[in-house]
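Structural features, examined
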Amino acid sequence: MAASRQPLFCHVEFGGAVAALEPPEAAPEGLEAVFPREVGLFADAFPEETRYGFCGHVLTIAQHHGARLGVAAPVWEAALTLCQYFEKQKLNFWGKKVIELGAGTGIVGILATLLGGDVTITDLPLALEQIQENVHRNVPAAHLARARVCALSWGLDHEEFLKDYDFILGADIVYLKDTYSLLIRTLRHLCGPHSTIYLSSKMRQEHSTSLFYEALLPLHFTSELAYRDENENINIYRITSKQNS
(Lines give C-alpha, C1' and ligand atoms only; values in the text may rest on other atoms or scores of the structure.)
Protein backbone atom coordinates (compact mmCIF):
# COMPACT_ATOMS: atom_id res chain seq x y z
CA MET A 1 0.00 0.00 0.00
CA ALA A 2 1.39 3.35 -0.97
CA ALA A 3 2.62 5.68 1.73
CA SER A 4 0.43 8.45 0.29
CA ARG A 5 -2.75 6.50 1.09
CA GLN A 6 -4.30 8.50 3.93
CA PRO A 7 -7.60 8.19 5.75
CA LEU A 8 -10.48 10.21 4.31
CA PHE A 9 -11.78 12.64 6.92
CA CYS A 10 -15.52 12.75 6.40
CA HIS A 11 -17.84 14.92 8.54
CA VAL A 12 -14.53 15.77 10.10
CA GLU A 13 -13.58 17.47 13.32
CA PHE A 14 -10.19 16.15 14.31
CA GLY A 15 -8.11 16.53 17.40
CA GLY A 16 -4.84 18.35 17.66
CA ALA A 17 -2.55 15.58 18.82
CA VAL A 18 -0.28 14.05 16.20
CA ALA A 19 0.69 10.44 16.63
CA ALA A 20 4.40 9.74 16.91
CA LEU A 21 5.66 6.74 15.03
CA GLU A 22 6.49 3.87 17.34
CA PRO A 23 9.76 1.96 16.87
CA PRO A 24 9.40 -1.35 15.07
CA GLU A 25 8.69 -4.33 17.29
CA ALA A 26 9.11 -7.98 16.64
CA ALA A 27 5.77 -9.25 15.34
CA PRO A 28 4.16 -12.38 16.70
CA GLU A 29 4.90 -15.31 14.43
CA GLY A 30 2.58 -15.53 11.44
CA LEU A 31 1.32 -11.94 11.59
CA GLU A 32 4.02 -10.30 9.47
CA ALA A 33 2.21 -11.00 6.22
CA VAL A 34 -0.99 -9.39 7.45
CA PHE A 35 0.52 -6.38 9.20
CA PRO A 36 3.42 -5.08 7.05
CA ARG A 37 6.31 -3.79 9.11
CA GLU A 38 8.06 -1.47 6.63
CA VAL A 39 8.48 1.73 8.63
CA GLY A 40 8.52 3.83 5.46
CA LEU A 41 5.05 2.60 4.63
CA PHE A 42 3.70 4.46 7.68
CA ALA A 43 6.09 7.42 7.67
CA ASP A 44 3.29 10.01 7.43
CA ALA A 45 1.96 11.34 10.72
CA PHE A 46 -1.82 11.40 11.21
CA PRO A 47 -3.97 12.86 14.00
CA GLU A 48 -4.28 10.19 16.65
CA GLU A 49 -7.90 11.03 17.41
CA THR A 50 -10.54 11.85 14.83
CA ARG A 51 -14.27 12.47 15.03
CA TYR A 52 -16.74 11.26 12.41
CA GLY A 53 -20.49 11.74 12.17
CA PHE A 54 -22.83 9.04 10.86
CA CYS A 55 -26.50 8.28 11.40
CA GLY A 56 -26.85 10.94 14.09
CA HIS A 57 -23.88 9.64 16.09
CA VAL A 58 -20.49 11.28 16.55
CA LEU A 59 -17.71 8.71 16.79
CA THR A 60 -14.36 9.54 18.37
CA ILE A 61 -11.82 7.13 16.94
CA ALA A 62 -8.29 6.62 18.25
CA GLN A 63 -5.69 5.56 15.70
CA HIS A 64 -2.32 4.38 16.99
CA HIS A 65 -0.21 4.84 13.88
CA GLY A 66 3.21 3.33 13.54
CA ALA A 67 5.04 0.19 12.61
CA ARG A 68 3.48 -1.92 15.37
CA LEU A 69 -0.12 -1.91 14.10
CA GLY A 70 0.68 -1.15 10.48
CA VAL A 71 -2.44 -1.30 8.32
CA ALA A 72 -4.66 -1.95 11.35
CA ALA A 73 -4.10 1.54 12.76
CA PRO A 74 -5.91 3.96 10.43
CA VAL A 75 -9.52 4.49 9.50
CA TRP A 76 -9.42 3.70 5.79
CA GLU A 77 -11.64 5.24 3.13
CA ALA A 78 -13.51 1.98 2.53
CA ALA A 79 -14.66 1.88 6.17
CA LEU A 80 -16.02 5.42 5.96
CA THR A 81 -17.73 4.64 2.67
CA LEU A 82 -19.45 1.64 4.28
CA CYS A 83 -20.60 3.79 7.21
CA GLN A 84 -21.94 6.36 4.74
CA TYR A 85 -23.76 3.56 2.93
CA PHE A 86 -25.45 2.48 6.17
CA GLU A 87 -26.57 6.08 6.65
CA LYS A 88 -27.89 6.53 3.11
CA GLN A 89 -29.69 3.19 3.12
CA LYS A 90 -31.01 3.70 6.67
CA LEU A 91 -29.92 0.16 7.53
CA ASN A 92 -31.42 -1.18 10.71
CA PHE A 93 -29.32 -3.57 12.82
CA TRP A 94 -31.70 -3.58 15.76
CA GLY A 95 -31.71 -6.99 17.41
CA LYS A 96 -29.53 -8.51 14.68
CA LYS A 97 -26.46 -10.68 15.15
CA VAL A 98 -23.56 -8.89 13.47
CA ILE A 99 -19.86 -9.69 13.07
CA GLU A 100 -17.14 -7.43 11.67
CA LEU A 101 -14.00 -9.00 10.23
CA GLY A 102 -10.59 -7.31 10.15
CA ALA A 103 -11.99 -4.40 12.13
CA GLY A 104 -8.79 -2.36 12.61
CA THR A 105 -10.18 0.60 14.55
CA GLY A 106 -13.62 -0.99 14.92
CA ILE A 107 -15.47 1.99 13.46
CA VAL A 108 -17.85 -0.09 11.33
CA GLY A 109 -18.76 -2.51 14.12
CA ILE A 110 -19.13 0.34 16.61
CA LEU A 111 -21.59 2.11 14.31
CA ALA A 112 -23.53 -1.15 13.86
CA THR A 113 -23.71 -1.42 17.67
CA LEU A 114 -25.04 2.12 17.99
CA LEU A 115 -27.64 1.23 15.34
CA GLY A 116 -28.96 -1.55 17.56
CA GLY A 117 -26.89 -4.57 16.58
CA ASP A 118 -25.54 -7.31 18.81
CA VAL A 119 -22.03 -7.04 17.40
CA THR A 120 -18.86 -9.12 17.57
CA ILE A 121 -15.90 -7.01 16.43
CA THR A 122 -12.91 -9.11 15.36
CA ASP A 123 -9.34 -8.82 14.19
CA LEU A 124 -5.99 -10.40 14.93
CA PRO A 125 -4.82 -10.16 18.56
CA LEU A 126 -2.47 -7.27 17.78
CA ALA A 127 -5.37 -4.92 16.99
CA LEU A 128 -7.72 -5.75 19.87
CA GLU A 129 -6.45 -3.14 22.33
CA GLN A 130 -7.11 -0.31 19.86
CA ILE A 131 -10.59 -1.68 19.07
CA GLN A 132 -11.43 -2.05 22.76
CA GLU A 133 -10.35 1.54 23.40
CA ASN A 134 -12.64 2.79 20.65
CA VAL A 135 -15.56 0.69 21.84
CA HIS A 136 -15.27 2.23 25.31
CA ARG A 137 -14.94 5.72 23.82
CA ASN A 138 -18.13 5.43 21.78
CA VAL A 139 -20.55 2.82 23.13
CA PRO A 140 -22.56 3.88 26.20
CA ALA A 141 -21.95 1.73 29.26
CA ALA A 142 -25.54 0.48 29.18
CA HIS A 143 -24.91 -1.04 25.73
CA LEU A 144 -21.36 -2.39 26.10
CA ALA A 145 -22.68 -5.93 26.40
CA ARG A 146 -23.76 -5.67 22.75
CA ALA A 147 -20.20 -4.94 21.54
CA ARG A 148 -17.80 -7.84 22.04
CA VAL A 149 -14.18 -7.63 20.89
CA CYS A 150 -12.61 -10.97 19.95
CA ALA A 151 -9.55 -12.32 18.16
CA LEU A 152 -10.30 -14.15 14.93
CA SER A 153 -7.66 -15.57 12.61
CA TRP A 154 -9.28 -16.37 9.28
CA GLY A 155 -9.20 -20.02 8.33
CA LEU A 156 -7.81 -21.05 11.73
CA ASP A 157 -10.23 -20.39 14.58
CA HIS A 158 -13.35 -19.30 12.66
CA GLU A 159 -15.19 -22.42 13.77
CA GLU A 160 -15.17 -21.10 17.33
CA PHE A 161 -17.69 -18.48 16.20
CA LEU A 162 -21.40 -18.77 15.55
CA LYS A 163 -22.87 -19.72 12.23
CA ASP A 164 -25.64 -17.83 10.50
CA TYR A 165 -24.98 -14.22 11.55
CA ASP A 166 -27.60 -11.81 10.25
CA PHE A 167 -24.90 -9.45 8.96
CA ILE A 168 -21.20 -9.97 8.25
CA LEU A 169 -19.23 -6.77 7.65
CA GLY A 170 -15.77 -6.05 6.31
CA ALA A 171 -14.03 -2.88 5.12
CA ASP A 172 -10.78 -2.95 3.17
CA ILE A 173 -10.00 -6.52 4.15
CA VAL A 174 -9.41 -7.80 0.61
CA TYR A 175 -5.83 -6.78 -0.18
CA LEU A 176 -3.52 -9.78 0.36
CA LYS A 177 -3.88 -12.65 -2.12
CA ASP A 178 -2.44 -15.15 0.36
CA THR A 179 -5.40 -14.53 2.68
CA TYR A 180 -8.18 -14.77 0.09
CA SER A 181 -8.83 -18.49 0.49
CA LEU A 182 -8.75 -18.10 4.29
CA LEU A 183 -11.32 -15.30 4.11
CA ILE A 184 -13.58 -17.38 1.85
CA ARG A 185 -13.36 -20.29 4.29
CA THR A 186 -14.27 -18.01 7.17
CA LEU A 187 -17.19 -16.41 5.33
CA ARG A 188 -18.57 -19.84 4.43
CA HIS A 189 -18.63 -20.79 8.10
CA LEU A 190 -20.17 -17.53 9.35
CA CYS A 191 -22.73 -17.12 6.56
CA GLY A 192 -26.02 -18.98 6.74
CA PRO A 193 -28.97 -19.06 4.33
CA HIS A 194 -30.37 -15.82 5.76
CA SER A 195 -27.10 -13.91 6.21
CA THR A 196 -26.14 -10.75 4.35
CA ILE A 197 -22.49 -9.84 3.87
CA TYR A 198 -21.36 -6.28 3.12
CA LEU A 199 -17.77 -5.92 1.95
CA SER A 200 -16.36 -2.50 1.10
CA SER A 201 -13.10 -2.53 -0.85
CA LYS A 202 -10.65 -0.21 -2.50
CA MET A 203 -10.27 -1.90 -5.89
CA ARG A 204 -6.48 -2.05 -6.06
CA GLN A 205 -5.18 -3.60 -9.25
CA GLU A 206 -1.79 -4.29 -7.67
CA HIS A 207 -3.43 -6.49 -5.03
CA SER A 208 -5.75 -8.31 -7.45
CA THR A 209 -8.80 -7.25 -5.45
CA SER A 210 -11.05 -7.85 -8.47
CA LEU A 211 -9.82 -11.47 -8.60
CA PHE A 212 -11.40 -12.09 -5.21
CA TYR A 213 -14.76 -10.63 -6.19
CA GLU A 214 -14.93 -11.86 -9.79
CA ALA A 215 -13.35 -15.31 -9.60
CA LEU A 216 -13.18 -16.63 -6.04
CA LEU A 217 -16.25 -15.28 -4.28
CA PRO A 218 -18.76 -16.41 -6.97
CA LEU A 219 -17.73 -20.03 -6.42
CA HIS A 220 -19.58 -20.04 -3.11
CA PHE A 221 -21.68 -16.86 -2.92
CA THR A 222 -24.03 -14.66 -4.89
CA SER A 223 -22.87 -11.05 -4.96
CA GLU A 224 -24.02 -7.78 -6.40
CA LEU A 225 -22.41 -4.35 -6.59
CA ALA A 226 -24.49 -2.32 -4.14
CA TYR A 227 -22.57 0.94 -4.44
CA ARG A 228 -19.52 2.38 -6.20
CA ASP A 229 -17.53 5.50 -5.38
CA GLU A 230 -15.78 6.40 -8.62
CA ASN A 231 -13.63 9.09 -7.05
CA GLU A 232 -12.17 6.79 -4.41
CA ASN A 233 -12.36 3.60 -6.54
CA ILE A 234 -14.29 1.86 -3.75
CA ASN A 235 -16.94 -0.81 -4.30
CA ILE A 236 -19.46 -2.09 -1.78
CA TYR A 237 -20.73 -5.59 -2.47
CA ARG A 238 -23.86 -7.14 -1.04
CA ILE A 239 -23.27 -10.88 -0.75
CA THR A 240 -25.47 -13.82 0.18
CA SER A 241 -25.06 -17.56 0.33
CA LYS A 242 -25.90 -19.49 -2.81
CA GLN A 243 -28.41 -21.30 -0.62
CA ASN A 244 -30.56 -18.20 -1.10
CA SER A 245 -30.49 -18.48 -4.87
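This section reports on the structure supplied with the text. Treat the numbers as computed from the prediction; the structure is a model and nothing was measured. The numbering scheme is per chain: residues are counted from 1 as the chain's sequence reads. Local features in this predicted model are restricted to residues of pLDDT 70 or higher, and side-chain atom pairs are both shown and tallied only at a pLDDT of 80 or more, whereas totals for entire chains, interfaces and linings draw on every residue. Water and hydrogen atoms were dropped before computing side-chain values, which therefore reflect all heavy atoms in the structure.

**Thoughts on the overall build of the protein chain**
- From N to C terminus, the protein chain includes five helices and ten strands.
- Burial status follows relative accessibility: with a 1.4 Å probe on protein chains alone, a residue under 20% of its type maximum counts as buried, one over 50% as exposed, and anything between as partly exposed. Taken over 245 residues, the protein chain has a buried fraction of 54%.
- Across the protein chain, every contact between residues at least 6 apart in sequence was considered, and the portion connecting residues at least 24 apart equals 72%.
- Computed with the Shrake-Rupley method and a 1.4 Å probe, the accessible areas treat only the protein chains shown as cover for residues. When the accessible surface of the protein chain is split by element, carbon and sulfur atoms take 51% of a total near 10,900 Å². By definition, any uninterrupted DSSP run of H or I lasting at least four residues is a helix, any uninterrupted run of E lasting at least two residues is a strand, and each is numbered from the N terminus. The contact rule is simple, with two residues in contact once any of their heavy atoms fall within 4.5 Å.

**Notes on the sheet that holds strand S5 (residues 118-123)**
- Strand pairing is defined by DSSP finding a minimum of two bridges between the two strands. The strand order S6-S5-S4-S7-S8-S10-S9 describes an open sheet built from seven strands, whose pairing is mixed. For this open sheet the edge positions go to strand S6 (147-151) and strand S9 (221-229), each flanked by a neighbour on one side alone. In this sheet, adjacent strand axes meet at a mean angle of 20 degrees when their direction is disregarded.
- Here five bridges tie S5 to S6, and the two strands are oriented parallel to one another. Within S6, the residue paired with Ile 121 across the bridge is Val 149. Axis definition: a line fitted to C-alpha atoms, over the contacting stretch in the case of helices. Angles run 0 to 180 degrees between N-to-C directions.

**Side note on helix H4 (residues 177-190)**
- The end-to-end C-alpha separation of H4 is 21 Å, in line with the 20 Å expected for 14 residues at 1.5 Å each.
- For H4, the set of buried residues is Thr 179, Tyr 180, Leu 183, Ile 184, Thr 186, Leu 187, His 189 and Leu 190.
- On its buried side, H4 packs onto strand S4 (97-101), strand S7 (167-171), strand S8 (196-202), helix H5 (209-216) and S9. Expected span of a helix, by definition, is 1.5 Å for each gap between consecutive residues, and there is one gap fewer than residues.

**Some thoughts on the nonpolar core**
- In these notes, a set of buried Ala, Val, Leu, Ile, Met, Phe, Trp, Tyr and Cys residues joined through side-chain atoms within 4.5 Å is what counts as a nonpolar core. Grouped together as the largest cluster of nonpolar side chains are 36 residues, with contacts concentrated most on Phe 86, Ile 107 and Val 108.
- Looking at this core, the elements that each hand over two or more residues are strand S2 (49-54), strand S3 (57-62), helix H1 (77-89), helix H2 (107-114), S5, helix H3 (128-138), S6 and S7.
- Discounting chain neighbours no more than four positions away, the residues touching Ile 107 are Tyr 52, Phe 54, Leu 59, Ile 61, Val 75, Ala 79, Leu 80 and Cys 83.
- In terms of nonpolar packing, the next biggest core, distinct from the first, is built from 24 residues, Ile 99, Leu 187, Ile 197 and Leu 199 among them.

**Side note on H2**
- With respect to burial, H2 is a largely interior element, eight of its eight residues being buried.
- Among the residues of H2, those classed as buried are Ile 107, Val 108, Gly 109, Ile 110, Leu 111, Ala 112, Thr 113 and Leu 114.
- The positive-phi residue at the C-terminal boundary of H2 is Gly 116, with phi of around 105 degrees.

**Digging into the packing of aromatic side chains**
- Geometry of aromatic contacts follows a simple scheme: Phe, Tyr and Trp rings, the Trp one being its six-membered ring, pair when their centres are within 6.5 Å, and the pair is stacked under 30 degrees between planes, edge-to-face over 60, tilted otherwise. Scanning the model with the defined rule gives nine aromatic pairs in all.
- Considering the side-chain rings of Phe 93 and Phe 167, the 5.0 Å spacing of their centres and the 75 degrees angle between planes classify their relative orientation as edge-to-face. Remark: Phe 167 occurs in strand S7 and Phe 93 occurs in the loop between H1 and S4; sequence separation between them is 74 residues.
- We classify Phe 93 as buried; its relative accessible area is 0%.
- Considering the side-chain rings of Phe 212 and Tyr 213, the 5.1 Å spacing of their centres and the 85 degrees angle between planes classify their relative orientation as edge-to-face. Accessibility classification places Phe 212 together with Tyr 213 in one group, the buried group.

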